[in-house]
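# Descriptive analysis of the structure
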Amino acid sequence: MDRRELIDIALEARKMAYTPYSHHKVGAALLTKGGKVYKGCNIESASYTPSNCAERTAFFKAVSEGERNFEAIAIVGGFEEATTLGLCAPCGVCRQVMMEFCNPKTFEIILCDEHNELHTYKLEELLPLGFGPTNMGL
Ligand code: THU
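Everything in this summary refers to the structure shown in the same document. (Residues numbered from 1 in each chain as written. Predicted model: local features only at pLDDT ≥ 70, side-chain atom pairs only at ≥ 80, totals over all residues. Heavy atoms only, no water.)

### Looking at the packing of aromatic side chains
- Evaluation of the coordinates by the stated rule reveals four aromatic pairs.
- Geometrically, the ring pair formed by Phe 59 and Phe 101 is stacked, given 6.4 Å between the ring centres and 25° between the ring planes. Remark: Phe 101 occurs in helix 3 (residues 92-101) and Phe 59 occurs in helix 2 (residues 54-64); sequence separation between them is 42 residues.
- With a relative accessible area of 25%, Phe 101 lands in the partly exposed category.
- An aromatic cluster of three or more residues is present, and its members are Phe 59, Phe 70, Phe 101 and Phe 107. (Phe/Tyr/Trp six-rings, centres within 6.5 Å; stacked < 30°, edge-to-face > 60°. Helix = DSSP H or I, 4+ residues; strand = E, 2+ residues; numbered from the N terminus. Buried < 20%, exposed > 50% of the residue type's maximum accessible area, 1.4 Å probe, protein only.)

In structure tokens:
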């Protein structure tokens, strides 16, 4: 799938973000190797800790539907009043979840900057020397 199209789906997903506390809205579009796309948004909680990032929402939706093979994720985010969005890189916890289910050498993280330019990173670039399933004998 075209990377720009995946960013557009992430922008759609962002509209569903539930962010009454931070007002920082994030959307993600997770592409499987089979060509399906799972959308995710961040979902906050009054007690803060149960809040979930957009990326993990997308992963948990996909994994709970039986998906295990992922190709790429597009992520967009910024404050709700922002007129242009800047780069929104995934947090460390989400990088670790990607490490659980993705090959760090091939899985792509696609971001979009304030000039509407796409930036693509391999998971191993964003999580160098990541600890993952192989360390646990899988
Ligand atoms: N957030 C994400 O959804 N993804 C990230 O990778 C970074 C942060 C959310 C969590 C919280 O709802 C808001 O952005 C502010 O941290």
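### Concerning the nonpolar core
- By size, the foremost hydrophobic cluster in this structure holds 24 residues, and its most contacted members are Leu 30, Phe 59, Ile 73, Met 98, Phe 107 and Ile 109.
- Only strand 1 (24-32), helix 2, strand 3 (70-79), helix 3, strand 4 (108-112) and helix 4 (123-126) provide two or more residues apiece to this core.
- For this core, the element with the most residues is helix 2, which contributes five residues.
- Among all residues touching Ile 73, those that are not within four sequence positions of it are Leu 6, Ala 28, Ala 29, Leu 30, Glu 55, Phe 59, Met 98, Phe 107, Glu 108, Ile 109 and Ile 110.
- In terms of nonpolar packing, the next biggest core, distinct from the first, is built from eleven residues, Ile 7, Ala 10, Ala 74 and Cys 112 among them. (Core = buried A, V, L, I, M, F, W, Y, C linked by side-chain atoms within 4.5 Å. Contact = heavy atoms within 4.5 Å.)

### Considerations on the environment of Ala 10
- Note that Ala 10 resides in helix 1 (residues 3-14).
- By relative accessible area, which is 0% here, Ala 10 ends up buried.
- The contacts of Ala 10, once residues within four sequence positions are left out, are Gly 27, Ala 28, Ala 29, Ala 74 and Val 76.

Fair warning: the whole summary comes from geometry, so function is off the table for now.
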